[in-house]
Amino acid sequence: MRLLITWLINTLALLAVPYLMHSVQFSSFGAALIAALVLGFVNTLIRPILLLLTLPATLLTLGLFIFIINGLMFWLVSHLVSGFYVASFWSAVGGAILYSIVSWALSTLLLKKN
């Protein structure tokens, strides 16, 4: 049940991003559901591998390169899911930052630790 709630929270966070940033758009609620699911899989499977491969760059930039990795994952999902549009790479980086902030805030408010 917690996994389903987390998925819905991430979907709501994704739906909030186009209201804060006009270069990210969704064609429907279904596209946002699918994008949240694919983003979860990409962040679970591909992101750790990229973080490991780019560890030297991450260390040299004092961790700021992780923003680029997050933007790449966001941009990748926009290319994989039809109905999810991101205008450019830098829009993807900004969208990923906004998505992370909104997702964290919603998770903090809605999920309580027992």
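Note that the structure is predicted; figures quoted are calculated from it, not measured. (Residues numbered from 1 in each chain as written. Predicted model: local features only at pLDDT ≥ 70, side-chain atom pairs only at ≥ 80, totals over all residues. Heavy atoms only, no water.)

Undergrad: Is there a simple way to think about the packing of aromatic side chains in this case?
TA: Given two aromatic rings, one states the distance between the centres and the angle between the planes to describe the pair. Under the criterion given, the structure shown has five aromatic pairs. Arranged with centres 6.2 Å apart and planes meeting at 40°, the rings of Phe-74 and Tyr-99 form a pair that is tilted. Of this pair, Phe-74 sits in helix α5 (residues 65-80) while Tyr-99 sits in helix α6 (residues 89-110), and the two are 25 residues apart along the sequence. The pair formed by Phe-74 and Tyr-99 is uniform in burial state, with each residue classed as buried. Taking the centre distance of 5.7 Å and the plane angle of 65° together, the rings of Trp-75 and Phe-89 count as edge-to-face. A residue pair is termed long-range when its members are at least 10 positions apart, and Trp-75 in helix α5 and Phe-89 in helix α6 qualify at 14 residues. (Phe/Tyr/Trp six-rings, centres within 6.5 Å; stacked < 30°, edge-to-face > 60°. Helix = DSSP H or I, 4+ residues; strand = E, 2+ residues; numbered from the N terminus. Buried < 20%, exposed > 50% of the residue type's maximum accessible area, 1.4 Å probe, protein only.)

Undergrad: When you look at the packing of helix α1 (residues 2-20) against helix α2 (residues 29-45) in this model, what are you seeing that I'm missing?
TA: Helix-helix packing is described using two parameters, namely the angle between the two axes and the distance between the axes. Running from N to C, α1 and α2 cross one another at 120°; their axes reach a closest spacing of 9 Å. On the basis of their axis angle, the class for α1 and α2 is oblique. Taken as a pair, α1 and α2 cross one another with a handedness that is right-handed. Where α1 abuts α2, its residues Trp-7, Leu-8, Asn-10, Thr-11, Leu-14 and Leu-15 lie against Phe-29, Ala-32, Leu-33, Ala-35, Ala-36 and Leu-37. Split into classes, the residues belonging to the contact of α1 with α2 amount to ten nonpolar, two polar and no charged. (Axes fitted to C-alpha atoms, helices over the stretch in contact; angles between N-to-C directions. Parallel < 35°, antiparallel > 145°, perpendicular 65-115°, else oblique. Left-handed = near helix turned anticlockwise from the far one by under 90°. Contact = heavy atoms within 4.5 Å. Nonpolar A, V, L, I, M, F, W, Y, C, P; charged D, E, K, R; others polar.)

Undergrad: What exactly am I supposed to notice about unusual backbone geometry here?
TA: For Leu-62, which is not glycine, the phi dihedral falls at a positive 55°. Tracing the backbone through its elements, the reader meets Leu-62 in the loop between α4 (55-60) and α5.

Nothing here speaks to function; it is geometry throughout.
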